Amino acid sequence: MRISTRLTASYALILLLMTVLALYSVNISMDFLQERAGNDTVSLAVVMMKTIRDRIRTTSDHLRAYSRGASVRSALRESNSRLDLLANPEEVVLRRDSEWTSAPEEEMSPLMQEVIESECSTDLRDKFIHFFEDTYGYRIFEEALISDRYGADVCQTGRTTRYYQANEDWWRQARNDGFHLGDIEYDPSSQTYGLPISVRIEDTDGTFLGVAKGFVSLLAIVKAVEISEKRYESTDIRLISGSGRLLYATRAFVFLEDMSGQELFSKTKGESGFFMAEEGGRKRLFSYTRSKDSTDPEQSEWILVLRHDLNEVLGSVVTLRNRMILASAFLLSAAILISALIGRSIRRPLAGLGKAAREVAGGNLNTKVEVTSVDEIGMLAITFNEMTKRLEQLYSKLEEEVIERKTAQSELEALNEELARINEELVHSNKELEDFAYIASHDLREPLRGIRNFSFFLLEDYSDKLDAEGQSKLQTLIRLSKRMEDFIEALLTYSRVGRCELSLKETDLNKVLDHVVDSLGASVAETGASIRIERPLPVVRCDQVRIEQVFNNLIANAIKYNDKPRRWVEVGYIGQEEGIVFYVRDNGIGIKEKHLQAIFKIFKRLHGRDEFGGGAGAGLTIVKKIVEGHGGKIRLESDYGEGTTFYFTLQGDDPPKRKVE
Ligand code: ADP
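**Student:** What exactly am I supposed to notice about the overall build of the protein here?
**Tutor:** Along the protein, the regular secondary structure elements total 16 helices and 18 strands. Taken over the C-alpha trace, the protein has a radius of gyration of 78 Å; the compact-globule value for 661 residues is 26 Å, which it surpasses by more than 25%. Considering only C-alpha atoms, the protein reaches an extent of 240 × 55 × 40 Å along its principal axes. When each of the 661 residues of the protein is scored for burial, the buried share is 42%. Expressed as a percentage of contacts within the protein between residues at least 6 apart in sequence, the contacts between residues at least 24 apart total 62%. Only carbon and sulfur atoms are counted for the fraction: they give 54% of the accessible area of the protein, which is about 37,000 Å². Averaging the coordinates of the 87 positive side-chain charges in the protein and doing the same for the 103 negative ones gives two points 7 Å apart.

**Student:** What should I look at first to understand the site of the ligand in this one?
**Tutor:** Inspection of the region around the ligand gives 19 residues, with Asn557, Tyr561, Arg605, His607 and Leu620 positioned closest. Gly619 is positioned such that a nitrogen or oxygen atom in its backbone is 3.2 Å from an oxygen atom of the ligand. Coverage of the ligand by the protein amounts to 97% of the 520 Å² it exposes when considered alone. Mapping the ligand onto the cavity grids shows that it belongs to the largest pocket. When contributions to the shell around the ligand are tallied by element, the ones reaching two or more residues are helix H15 (544-560) and helix H16 (619-629). When residues of the shell around the ligand are assigned to their parent elements, the largest contribution, three residues, is made by H15.

**Student:** Looking at this structure, how should I read the side chain of Ser60?
**Tutor:** Within the secondary structure, Ser60 sits in helix H1 (residues 3-67). In this view, Ser60 contacts Phe179, Ile197 and Val199; residues no more than four positions away in its chain are not counted.

**Student:** Looking at this structure, how should I read a negative patch on the surface?
**Tutor:** Negative charge collects at one region of the surface, where Glu399, Glu400, Glu401 and Glu404 lie side by side. As for its placement among the helices and strands, Glu401 is situated in helix H11 (residues 376-461).

**Student:** I tried to follow the state of the cysteines on my own but got confused; where do I start?
**Tutor:** By definition, a disulfide is the covalent link that joins the sulfur atoms of two cysteine residues. Inspection of every chain in the model, using the stated rule, returns one disulfide. Note that Cys120 is cross-linked by a disulfide to Cys155, the S-S spacing being 1.9 Å. Separated by 35 residues along the polypeptide, Cys120 in helix H5 (residues 119-136) and Cys155 in strand S2 (residues 153-156) bring together distant segments of the chain. Accessibility assignment for this pair places Cys120 and Cys155 in one class, buried.

**Student:** Could you clarify how one ought to interpret helix H6 (residues 169-177) in this entry?
**Tutor:** Owing to its 3.6 residues per turn, the α-helix brings residues three or four apart onto one side. Buried within H6 we find Trp170, Trp171 and Ala174. End-on, the buried residues of H6 take up no more than an arc of 105 degrees, which puts them together on one face. Set apart from the buried face of H6 by more than 90 degrees, the exposed residues are Asp169, Asn176 and Asp177. On the buried face of H6, the contacting elements are strand S1 (141-148), strand S3 (179-181), strand S5 (192-202) and strand S6 (208-217).

**Student:** It is not clear to me how the nonpolar core should be interpreted in this structure. Could you clarify?
**Tutor:** Side chains of nonpolar character tend, in soluble globular proteins, to be buried together. Among the nonpolar cores identified, the biggest contains 60 residues, and Ile52, Ile56, Ile146, Ile184, Leu239, Trp302 and Leu304 are the most heavily contacted of them. Per-element tally for this core: the top contributor is H1, with eight residues. Every residue in contact with Leu304, bar those within four places of it in the chain, is listed here: Ala45, Met48, Met49, Ile52, Ile237, Arg238, Leu239, Ser287, Tyr288 and Thr289. Grouped together as the second largest cluster of nonpolar side chains are 40 residues, Val524, Val584, Ile599 and Ala616 included.

**Student:** Sorry, what's going on with the side chain of Arg546 here?
**Tutor:** Among the secondary structure elements, Arg546 is positioned in helix H15. Of the side chains bearing the opposite charge, Asp543 lies closest to the buried Arg546, which forms no salt bridge; the N-O distance is 4.5 Å. Excluding anything up to four places from it in sequence, Arg546 contacts Arg496, Val497, Cys500, Leu502, Ile626 and His630.

**Student:** Could you clarify how one ought to interpret a nonpolar patch on the surface in this entry?
**Tutor:** A surface patch of nonpolar side chains, about 240 Å² in accessible area, is lined by Tyr11, Ile338 and Ile342. Of note, Ile338 is situated in helix H10 (residues 315-361). For Ile338, a relative accessible area of 45% puts it in the partly exposed group.

**Student:** Any chance you could explain the environment of Lys213 here in plain terms?
**Tutor:** Within the secondary structure, Lys213 is located in strand S6. Here Lys213 falls in the buried class, since its relative accessible area comes to 11%. Separated by 39 residues in sequence, Lys213 and Ala174 place their C-alpha atoms 9.1 Å apart. Contact partners of Lys213, with chain neighbours within four places excluded, come to Leu63, Glu143, Ala144, Leu145, Trp170, Pro196, Ile197 and Ser198.

**Student:** When you look at the packing of aromatic side chains in this model, what are you seeing that I'm missing?
**Tutor:** Each aromatic ring pair is described using two quantities: the centre-to-centre distance and the angle formed by the ring planes. By the definition in use, this model includes 24 aromatic pairs. Summarising the aromatic geometry, the rings of Phe132 and Phe141 are spaced 5.8 Å apart at their centres and angled 45 degrees between planes, so their arrangement reads as tilted. Judged by centre distance (6.3 Å) and plane angle (50 degrees), the rings of Tyr573 and Phe582 are tilted. With a relative accessible area of 16%, Tyr573 lands in the buried category. Given the relative accessible area of 2%, Phe582 is considered buried. An aromatic cluster is present here, built from Tyr66, Phe128, Phe131, Phe132, Tyr136, Tyr138 and Phe141 joined pairwise through their rings. Positioned above the aromatic ring of Tyr573 is the side chain of Arg535, whose terminal nitrogen or guanidinium carbon lies 3.8 Å from the ring centre.

Thresholds, definitions, all that
- Residues numbered from 1 in each chain as written.
- Predicted model: local features only at pLDDT ≥ 70, side-chain atom pairs only at ≥ 80, totals over all residues.
- Heavy atoms only, no water.
- Helix = DSSP H or I, 4+ residues; strand = E, 2+ residues; numbered from the N terminus.
- Rg over C-alpha atoms; globule rule 2.2 N^0.38 Å.
- Buried < 20%, exposed > 50% of the residue type's maximum accessible area, 1.4 Å probe, protein only.
- Contact = heavy atoms within 4.5 Å.
- Areas by Shrake-Rupley, 256 points an atom, 1.4 Å probe, with all protein chains shown as cover.
- Lys, Arg positive; Asp, Glu negative; His and termini not counted.
- Charge placed at Lys NZ, Arg CZ, Asp CG, Glu CD.
- Near = heavy atom within 4 Å.
- Polar contact = N/O pair within 3.5 Å; in protein donor to acceptor, adjacent residues only side chain to side chain.
- 1 Å grid on protein atoms, 1.4 Å probe; cavity = no way out; pocket = protein on both sides within 12 Å on 5 of 7 lines; lining within 4 Å.
- Sits in = over half its atoms within 2 Å of the grid points.
- Patch = residues over 30% accessible without salt bridge, like charges linked within 9 Å, V, L, I, M, F, W, Y side chains within 5 Å.
- Salt bridge = Lys/Arg side-chain N within 4 Å of Asp/Glu carboxyl O.
- Disulfide = S-S within 2.5 Å.
- Arc of directions from axis to C-beta.
- Core = buried A, V, L, I, M, F, W, Y, C linked by side-chain atoms within 4.5 Å.
- Phe/Tyr/Trp six-rings, centres within 6.5 Å; stacked < 30°, edge-to-face > 60°.
- Lys NZ or Arg CZ within 6 Å of the ring centre and 35° of its normal.

Spelled out as structure tokens, the structure:
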């Protein structure tokens with residue numbers, strides 16, 4: 001995933017989480033506020049209900065107080081006493097009532113005019129209708145009437161009811177109980193919903209004078225309550241009877257509509273409470289309270305239901321939530337934009353670095369990247385440039401070293417060539433030397449032999465003519481020429497070894513050794529030396545004559561350079577993985593450490609000329625040449641005074657550097 005995508009995703013995720021958290025807390029606070037608002041509105045409903053009840057009570061008190069007034073009482077006394085005089089007052093009242101009810105609606109009968117326009121009625125209108133209208137701007141009482149104890153209307157605010165009242169329940173209840181509060185009813189004459197309140201009117205001595213009735217406008221009461229208590233614009237008030245009949249609503253409604261089957265009614269079973277419900281396509285908060293005023297004789301049970309627009313109640317929180325969603329959306333887009341920009345600012349230099357790294361990998365060490373910032377990426381770019389610089393330095397150093405090595409190698413090669421040439425020259429000159437030594441010794445041998453022979457003849461034939469000194473000088477000449485002859489013979493033998501090709505073939509060394517022992521028979525007999533052959537020698541590929549020379553020389557020396565009374569020579573071999581190592585060991589005089597190499601030089605002797613039987617000092621030189629001619633090596637170990645062991649191989653391996661027991 002690209003860096004910018006990752007950045008954007010992580011920013012978006014963080015913001016999303018924050019938004020979810022914020023919305024979650026808003027929702028929690030909404031729930032909390034809903035609870036609070038619910039409880040608040042319930043209190044409101046309770047207060048409203050109480051106020052409604054109180055107002056109704058106040059109006060009935062008002063009616064009662066008025067009824068006790070002297071003018072009302074005298075008017076009633078007068079009416080009662082007038083009827084008392086009649087033989088059949090009920091009949092008269094009923095007659096008048098039928099006259100009242102039969103009058104056409106638009107006309108006023110004389111009886112009506114008499115009652116409605118009486119002084120008492122005028123006062124009643126003033127006190128119950130006009131007073132409230134003038135004071136509050138609306139009516140509290142829609143109508144009021146006072147009837148005497150026969151039920152005949154004495155004063156009336158208008159021609160709204162019948163003339164005769166005594167056959168009505170409310171009238172009788174007011175007369176008997178002193179008070180009657182009727183159910184809410186629709187009054188067609190005032191076209192309003194209201195409550196009939198009736199009170200008994202008594203004389204000062206308690207005699208029944210009549211009944212006063214007022215029709216209190218529920219609309220007015222609710223409106224007054226609404227004005228004084230309403231808290232929210234959207235609040236809608238409904239009054240429902242305990243049995244579920246809609247008694248009143250602040251909006252258009254159907255009077256006594258049966259609501260008992262509705263969800264709204266079923267949710268108002270408690271004493272008071274609140275709930276949420278959809279109505280009119282919107283979520284609303286409903287709060288309600290039930291009231292059954294036990295002091296009311298009527299015992300009417302009402303449910304006051306308040307409906308609020310939830311958005312209004314939780315207005316600030318809803319606004320907060322909406323703003324938060326808007327802010328989150330804005331922040332989210334800003335975060336995506338910012339992270340895309342940051343991602344781009346990171347990706348670009350990184351891409352540059354990647355490209356440069358690929359170029360370096362491809363061998364272009366001169367690559368540099370642009371340092372565009374002073375942050376970690378900038379540091380990376382600086383380090384990258386330093387790295388390529390260092391690489392470049394290292395590379396050029398390496399190149400220099402390679403050149404140096406090449407030069408050294410070619411110098412070495414030249415040196416090797418030179419060495420090979422010198423070696424060749426050496427071989428050539430060696431060969432020439434050998435040739436020369438051969439020719440010289442070969443050619444010198446004859447005249448030298450002649451000199452010796454003639455010196456010998458001279459000594460023999462002319463001894464009588466020579467004095468003792470002459471004879472001694474001639475003897476010295478013979479000895480020296482013999483010695484010279486020996487040297488020349490040795491030189492000839494030595495140069496012959498180099499000149500002739502080796503005749504290699506499988507050779508039984510036991511036979512070779514038998515031959516050597518035979519040839520040394522005289523010296524063995526003379527010295528009493530014993531020659532021990534530890535185990536039969538193997539058959540090896542070699543030049544038989546030369547190898548015989550090697551064994552002969554080594555065994556002869558072992559016998560010769562020995563001063564022990566019981567001389568012995570031991571011949572054997574060690575079978576090594578690398579090859580066979582032969583040895584010749586003696587218990588002779590031994591050789592000092594410092595002479596171990598010198599004895600292989602030609603004509604080198606460690607003793608006086610005639611000591612240990614004399615010798616030319618070329619024997620070991622010839623032995624070494626034969627061994628090396630076979631591709632082998634020779635070396636020796638010696639304990640001075642104790643004995644010497646010569647080891648040699650024929651296949652190029654060094655003889656082991658340990659004593660053979
Ligand atoms: P030569 O025996 O004719 O003197 P060599 O080349 O055979 O010549 O020997 C060289 C010298 O090495 C001898 O003079 C002798 O001093 C010494 N040498 C050779 N073999 C032995 C040996 N087995 N023990 C002690 N010394 C030895």
